[in-house]
Every structure is written in C-alpha cells, then in structure tokens.
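Examining the three-dimensional arrangement
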Amino acid sequence: MPTRPDTGAGRPGDRRSLPVHQDDLCVARVPLFSGLTRAEQEQVATVARPTRLGTDEVVYTAGQDVSQLLVVHTGRVKISRVTADGHEQIVRVLGPGDFVGESAFLDGGRPDHAASAVETTSLCVFRHQELHELVARHPSIGLRMLQTLSRRLSQTEERLGAAISTDVSARLADHLLSLPGRRTDDGLQVELPLAKKDVASLLDTTPESLSVSCAASATRAWSPSDPVGGSLCSTWTRC
C-alpha cells in the first residue's frame, strides 16, 4: 500500500490511499502521460500516490505550500477563489485526466486558489521532486504540460470575452454545449455535475440571474441555435 500523500487541508481520516491496479492505471487515462509506452506508464504509476477524497473534501487552500502535482483519475475537483466580498468564484472544474499543481512546479509559488472535491474523487499525486525526475527522463510530459497550460490560457481569454460581451443565456448555452450529452426528441440531455449556484459562479453570474435565464428558456422550444430552450433547466435538481 502506498504511503498516504499530504494533499492539503482536508480531513485526513476520510482520505485513503489506493492500490495501483495494472489494468486501471491512473496515468493511462491522463493525456499528460499519453506519449509514453505502456511499460513507461507502468513505471510512472509506481511513483504516483493514489488517493481518494470524499465529497466536498478540501484538497488544499489558497496560500498553502503544495509541492505536488494532482492528477484527477475519477470524479471532479473544483478550483475556486474567494472574492473581496467573501463570495466563492469558481475558476474551473477538473475532470478525469485534468491536473493542478503545475504552476507551483514551474515557478515555485503558492496557489492563489483553493481546490476541493465536488464528488467522491480519486487522484494520482506526484511530489514535485519526483515529477522533475520524470520530466527529465520523459520530455514529452513537460511538453504536454505546456500544451495544457496554453489551452487553459485560451479558455480563460474566451471566458473573459464572453463575460464582457454576451448575456447569461448565451454563456449558459455555451456551457451546456461543452458538457457530455445527447439529443432526444425532447431536446438536449446533458449531465449537470454541479449545483446551480456553482454553475452560476463558473459563468460569472448570480444564481438568481441563472434561474431567470432558465425560467425564460423553459417557454421556448429547443433548437440547435437555442440549446437552452426546452425543459432542460426546469428539471435542474442540484440546487
């Protein structure tokens, strides 16, 4: 059994180390390590510290010394900041294959955000010293890390532009279309992994404004040009 990693300020008693199963390698699911051969992935897996988190468990807080790269295997982790008036602002939500902790790895700084599990989540944790050695042996890991950071920067710029130039309904439509889903005779069915208040934070609006947008859309028929239309928002149960 691997040693339990210190991933932050959560409840240590709820966090359990997990065995590494060769038929379900955490690193095999992660784009960061997709350039490696299976044998190389198995070597990397011996360095990873698999960890399980409970729903709402804190991974780390802003300003904490986090000298680890945290890779999501299953579940979701939300990255958030607290505004000057004390409100939580969700920056992004990490799903399987996503990672966090790369900024501290690259510049040695401490995070300006907090991380917590949205649901039961399993992570693969790499201490920065071990990650340095992995990048030295496998340069493709470093390259893919930079590619991911570049995509995040582009997404941040797009989100900022949307917050300035589009209304809540348009931002909600873009968000829904980014989620896994399928079209049915009744409209577009998607999985809504976050509570409404968290989606409002992610879309830079308030829960009240989001509710108004959803209520208005419920009177419209769904169409490809109006993906929010229909009964989708009215059946939103995670409040």
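The structure reproduced in this document is the subject of the present report.

1. Here's the deal with helix α3 (residues 128-137)
Within α3, the full set of buried residues consists of His 128, Glu 130, Leu 131 and Leu 134. Projected down its long axis, α3 shows its buried positions confined to an angular sector of 150°, all on one face. Turned more than 90 degrees away from the buried face of α3, the exposed residues are Gln 129, Ala 136 and Arg 137.

2. Section: the packing of aromatic side chains
Inspection of every chain in the model, using the stated rule, returns one aromatic pair. Centre to centre, the rings of Phe 33 and Phe 126 are 5.4 Å apart; their planes meet at 45°, and the pair counts as tilted. One end of the pair, Phe 33, is in the loop between β1 (16-17) and α1 (38-45); the other, Phe 126, is in strand β9 (residues 121-127), with 93 residues separating them in the sequence. The exposure class assigned to Phe 126 is buried, which follows from its relative accessible area of 0%.

3. Some details on the nonpolar core
Ranked by size, the top nonpolar core spans 20 residues in total, and within it Leu 32, Phe 33, Leu 69 and Phe 126 carry the most contacts. For this core, the secondary structure elements donating two or more residues are α1, β4 (68-74), β9, α3 and α4 (139-165). In this structure, Phe 33 is in contact with Val 27, Gln 41, Val 44, Phe 126 and Ile 141, ignoring residues within four places of it in sequence. Residues Val 66, Leu 70, Ala 115 and Leu 123 belong to the second largest nonpolar core, which totals 14 residues.

4. Here's the deal with unusual backbone geometry
Phi is positive for Asp 56, which is not a glycine, with a value near 70°. Residue position: Asp 56 is located in the loop between β2 (49-53) and β3 (58-60).

Cut-offs and rules
- Residues numbered from 1 in each chain as written.
- Predicted model: local features only at pLDDT ≥ 70, side-chain atom pairs only at ≥ 80, totals over all residues.
- Heavy atoms only, no water.
- Buried < 20%, exposed > 50% of the residue type's maximum accessible area, 1.4 Å probe, protein only.
- Helix = DSSP H or I, 4+ residues; strand = E, 2+ residues; numbered from the N terminus.
- Arc of directions from axis to C-beta.
- Phe/Tyr/Trp six-rings, centres within 6.5 Å; stacked < 30°, edge-to-face > 60°.
- Core = buried A, V, L, I, M, F, W, Y, C linked by side-chain atoms within 4.5 Å.
- Contact = heavy atoms within 4.5 Å.

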